[in-house]
Amino acid sequence: INSERCGPGTRVSGFTLTEGGGYVGGGIRVFDQTEIEIDHNIILNNQTTFEGAGVSVQLNSTADIHDNRFLGNVSYKTAAITVIQNATAKITGNFFKNNLSTDYAGVLGVHQSAVVFERNLVVENKSGSYAGTIDFVMATGDLRHNTFLRNLAPTGGSCLREGGLSQLYLENNLFAHNGGGAPAVSTTTCQMFSCNIFWDNDVDYEGPCDPIGAANNRHVNPLVCNPAADGGAVSEFSPCLGGTCGLIGFNPTPGCADDVVALEQENWGSLKAMYR
């Protein structure tokens, strides 16, 4: 789908967009001052030779991208969504899985543009080079209440890389079980981080200012119900629920069928028996 100079009210909803190709925007290409809403679609197995295999938003366009499933899209760069050339995008409530960039940014690449990325579940995306999930360069990003699970990159941030001259705000995100050799988050400058949880990543953070231990950023077990599953639910005992920060991560179904218990209680008699 090519969208050019569409005004407010333009909407792409309820489609399965698959096997698209080309140079950019294999599923949907949004350009030249377009305003568009993209919602409740399955954007599946599209491929481009350069970037934006799922959706490309560019040239002063504005997109509201919500409640979609981005699955198995492949590109040289930014496999699921590209936002470039003074564009803006609000990306909320989406599910991203198995998107692959052979160079960088398996899910989202943002250059000289602004993005809100909120309440998304991001699972098993990867890059062949760096920035396995999201890459920002000379851009503004507001990332809140997202869950990143099992994303992979060899260098430069399995979940997020800030490549320079960007302004990022990271609040109430969960980064767990990510790896491939890269840290979960890599930045070049000290950013606005608060209320994020990091757990079982190859490395939590790379950059000039380790945020963990300040502003309620913590390295603590989030008690994900089943770390190998895609639901992102956490135990009712999880530190992601409640507390000073409120909800952390994207958690559509709080609580597990078989809850994980944080600590096993021991009685005094059993403890004495251990040390006889």
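Everything numeric in this text was worked out from a predicted model, so none of it was measured. (Residues numbered from 1 in each chain as written. Predicted model: local features only at pLDDT ≥ 70, side-chain atom pairs only at ≥ 80, totals over all residues. Heavy atoms only, no water.)

Caption draft 1: Representation of the sheet that holds strand 17 (residues 114–118). Spatially, 2-5-9-13-17-21-24-27 is the arrangement adopted by the 8 strands of the open sheet, whose pairing is parallel. Edge positions in the open sheet fall to strand 2 (10–13) and strand 27 (192–194), since each of these has one partner strand only. Pairwise comparison of adjacent strand axes, ignoring direction, gives a mean angle of 5 degrees for this sheet. (Pairing = 2+ DSSP bridges. Helix = DSSP H or I, 4+ residues; strand = E, 2+ residues; numbered from the N terminus. Axes fitted to C-alpha atoms, helices over the stretch in contact; angles between N-to-C directions.)

Caption draft 2: The arrangement of the packing of aromatic side chains in detail. Under the counting rule described, the total for this entry stands at 9 aromatic pairs. Taking the centre distance of 6.0 Å and the plane angle of 85 degrees together, the rings of F193 and Y205 count as edge-to-face. Note that F193 is positioned in strand 27 and Y205 in strand 29 (residues 203–206), a separation of 12 residues in sequence. A relative accessible area of 9% places F193 in the buried class. Each residue in the set F70, F96, F117, F148, F175 and F198 is aromatic and connected to the rest through ring pairs, giving one cluster. (Phe/Tyr/Trp six-rings, centres within 6.5 Å; stacked < 30°, edge-to-face > 60°. Buried < 20%, exposed > 50% of the residue type's maximum accessible area, 1.4 Å probe, protein only.)

Caption draft 3: Spotlight on the side chain of N173. As for its position among the elements, N173 is in the loop between strand 24 (167–171) and strand 25 (174–176). Within the local environment of N173, its side chain forms a polar contact with the backbone oxygen of L143, the two atoms lying 3.0 Å apart. In this view, N173 contacts L143, R144, H145, N146, F148, C195, N196, I197, I248 and G249; residues no more than four positions away in its chain are not counted. (Polar contact = N/O pair within 3.5 Å; in protein donor to acceptor, adjacent residues only side chain to side chain. Contact = heavy atoms within 4.5 Å.)

Caption draft 4: Main features of the pairing of strand 20 (residues 134–137). Sheet topology note: the strand 16 (residues 108–111)/strand 20 ladder contains 4 bridges and is parallel. When the bridges of strand 20 are listed, V110 appears paired with F136. Here 3 bridges tie strand 20 to strand 23 (residues 160–162), and the two strands are oriented parallel to one another. Each bridged residue has a counterpart across the sheet, and for I134 the counterpart in strand 23 is L160.

Caption draft 5: View of the state of the cysteines. Tallied over the full model, the rule gives 2 disulfides. Two residues, C195 and C245, share a disulfide whose sulfurs are 2.1 Å apart. Negative torsions about the S-S bond denote left-handed disulfides, and the value of about -75 degrees found for C195 with C245 makes this one left-handed. Residue C195 is found in the loop between strand 27 and strand 28 (197–199), and its partner C245 is found in the loop between strand 30 (218–219) and helix 1 (268–274); the two are separated by 50 residues along the sequence. Of the two residues examined, C195 and C245, each falls in the buried class. Between C225 and C256 runs a disulfide, and the two sulfur atoms are separated by 1.7 Å. The sign of the -85 degrees torsion about the S-S bond sets the C225-C256 disulfide as left-handed. You can see C225 sitting in the loop between strand 30 and helix 1 and its partner C256 sitting in the loop between strand 30 and helix 1, a full 31 residues away along the chain. (Disulfide = S-S within 2.5 Å.)

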